[in-house]
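Reading the structure
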Amino acid sequence: MPRKSSKGTKTSPKAESRLEIPRLLTVQHLADLLGLTGVEVIKHLMQNGVMANLNQTIDFDTAAVVASDLGYEPVEMAMPEPTGFTREVVDGQELHPRPAVVTVMGHIDHGKTRLLDAIRQTNVMDTEAGSITQHIGAYQAEVDGRKITFLDTPGHEAFTAMRARGAKVTDIAVLVVAADDGVMPQTREAIAHARAAGVPIVVAINKIDKAGANLDRVKQQLAEEGLLIEEWGGDTICVPVSAKMKQNVSELLENILIVAEMLELKAPVDCLASGVVIEAELDKSKGPLATVLVQSGTLKLGDPVVVGDTWGKVKAMFNDAGKRVKKAEPATPVKILGLNGVPQAGDPCTAVASEKEARSWVQKRQQERQLESLRPARTLTLDRLLADTEEGQPKQLSLILKTDVQGSIEPIRTSLEQLETEDTKVRIIHAGSGGITEGDVLLALASKAIIIGFDTAPTPGAQSLAQLEGVDIRRYSVIYDLVDDIQRAIKGMKEPSYAEVIQGHAEVRAVFSSSKYGKAAGVYVTDGKLRRDDMVRVLRRGEVVYEGTLASLRRFKDDVKEVTAGYECGVGVSGFKAFQEGDTIEDYRMERVDESET
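Residues numbered from 1 in each chain as written. Predicted model: local features only at pLDDT ≥ 70, side-chain atom pairs only at ≥ 80, totals over all residues. Heavy atoms only, no water.

As a further point, take the sheet that holds strand β22 (residues 424–433). Two orientations exist for strands paired in a sheet by backbone hydrogen bonds: parallel and antiparallel. Pairing within the open sheet is parallel, and its four strands lie in the order β22-β21-β23-β24. This sheet does not close on itself; its edge strands, each paired only once, are β22 and β24 (473–476). Across the sheet, the mean angle separating the axes of adjacent strands is 25° when strand polarity is ignored. Here strand β21 (residues 395–403) pairs with β22 via nine bridges, running parallel. Following the sheet pairing, Ser398 is matched in β22 by Arg427. Set on the sheet, helix α13 (residues 438–447) makes contact with β21, β22, β23 (450–454) and β24; between it and β21 the angle comes to about 175°. (Pairing = 2+ DSSP bridges. Helix = DSSP H or I, 4+ residues; strand = E, 2+ residues; numbered from the N terminus. Axes fitted to C-alpha atoms, helices over the stretch in contact; angles between N-to-C directions. Contact = heavy atoms within 4.5 Å.)

Here we have six strands rolled up into a closed barrel, ordered β13-β14-β19-β17-β16-β20, and antiparallel in their pairing. Adjacent strand axes in the sheet meet at a mean angle of 45°, parallel and antiparallel pairs treated alike. Relative to strand β20 (residues 348–351), strand β16 (residues 304–307) runs antiparallel, the two being bridged by three bridges. Bridging across to β20, Val305 finds its partner in Ala351.

Turning to the pairing of strand β13 (residues 274–283), a few remarks are in order. In this sheet, strand β14 (residues 287–296) lies alongside β13 in antiparallel orientation, the contact comprising nine bridges. If you follow Leu282 over to β14, its bridge partner there is Pro288. Connecting β13 to the antiparallel partner β14 that follows it, the hairpin turn spans three residues. Where β13 lies against β20, three bridges are found, and the strand directions are antiparallel. When the bridges of β20 are listed, Ser274 appears paired with Thr350.

Just distances and angles here, no functional claims.
Laid out in structure tokens, this is it:
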């Protein structure tokens with residue numbers, strides 16, 4: 001952040017000379033640029049309220065204050081942009097159909113892993129059927145010659161963690177619900193995470209082979225969660241399956257393909273690849289390994305790649321069956337070797353033109369992240385979320401509600417939803433009982449939501465993550481306090497109403513040239529008053545010809561703030577030069593209306 005310059009004379013003999021300063025640099029580096037000792041620079045920083053040692057990194061704004069004090073004109077050093085770096089789809093690239101990327105989610109022990117294994121065994125060659133343990137966190141199934149890519153992620157929290165870091169990797173979510181167990185807490189969480197991601201949901205009711213299976217009960221529970229299945233008049237596809245018996249697995253895949261067709265998924269093929277890291281590890285013998293889902297373009301053997309804060313050259317690629325491959329097209333998962341470090345899940349992976357370019361981009365990314373770490377965290381507070389809503393759009397307050405007992409959810413949900421106004425919508429993204437978890441914090445981060453805890457507390461891990469990411473957790477023990485707090489926030493952020501108040505009128509009696517405004521007017525204030533910087537209209541024969549700001553107001557040779565009725569003055573209106581004698585200038589202001597008094 002820019003800091004106020006310390007007072008005193010500039011000591012540098014090189015007054016007004018330009019000094020290029022990097023976006024990030026150490027105190028010692030700044031001392032070298034200024035030709036001073038490190039101690040002298042530290043003293044100047046202290047005078048400006050900055051405590052730093054020689055090896056500490058500071059940003060350009062902080063360094064610029066010191067340089068300015070010493071008589072330099074600080075200029076931020078421009079980093080050369082590498083050529084050929086493809087972040088987005090290249091304009092004009094031909095798009096080709098690609099497989100859908102599917103994530104399977106649901107409550108623990110409802111059969112997610114068994115279903116994934118059943119899909120894999122049903123759709124691969126017999127020689128690969130025994131190689132389930134070789135899969136790489138993502139794999140492809142084939143139905144009637146068409147492929148589907150499945151992400152084998154450890155539940156909805158990992159799914160949302162990647163999305164919170166900006167990685168949107170999933171096209172379709174498959175929700176697994178056990179026919180004998182029904183909708184459970186983690187089922188509701190999975191629904192909330194899929195909805196927050198904005199992806200269509202396909203329901204797989206598993207374990208239909210068990211004695212206690214009750215399909216109608218599960219369908220009713222799904223309807224209560226807002227997932228009305230097709231046979232009940234809704235639009236949610238629901239397929240009863242038995243992963244254990246491999247029953248209806250093919251039907252599930254066919255329905256996934258139907259949803260994929262409706263999405264019309266396409267991506268460019270003939271360009272440098274870009275994708276996202278699904279998982280990464282450090283292998284003792286092979287070094288850093290990263291599982292990458294290619295999202296556009298084609299990743300080829302030998303391509304230089306930038307992966308998060310690491311880079312390398314693709315020395316080898318393996319598909320989900322462990323076989324070496326030479327290329328990977330969109331929606332294809334591959335494990336790659338050749339990186340110089342281990343990236344994080346959710347990191348972007350992009351192929352570039354050369355190793356030199358890869359090194360350059362990694363350096364730039366590292367500097368950007370270091371600069372970001374120097375800035376204060378942007379907290380997701382209640383008022384800020386409401387204020388940040390795009391202009392012209394209804395404000396939306398997204399909440400995650402956690403309570404001590406299940407019975408408290410409905411009355412609180414009802415009370416909060418009743419606070420909706422025409423301008424502000426209240427959306428309960430997820431509601432559940434129990435402690436506030438790291439998954440709740442990740443969901444809030446990805447969905448820009450506030451967490452409301454009623455008679456419940458965050459886990460230590462959730463509290464730490466919330467502080468790190470700047471997620472607002474509000475805790476209450478009295479429902480009235482909770483509702484009043486939200487109501488005050490909504491009322492405070494509601495778009496205010498304004499009424500127009502006419503301040504005065506003036507008649508244009510002369511028009512003359514102005515060096516600053518081009519044309520100015522000599523006017524006589526007929527009623528009220530004119531105030532500098534007020535809004536004004538220029539009226540000609542009763543019609544508005546211009547609206548702007550009263551930028552200049554002069555009496556004789558003096559600038560004045562206002563002129564009242566009965567006096568003459570000279571005026572200039574910003575952006576207007578076409579005054580004519582006889583025009584009327586109408587001065588007005590907008591006053592806020594206190595709706596509580598109406």
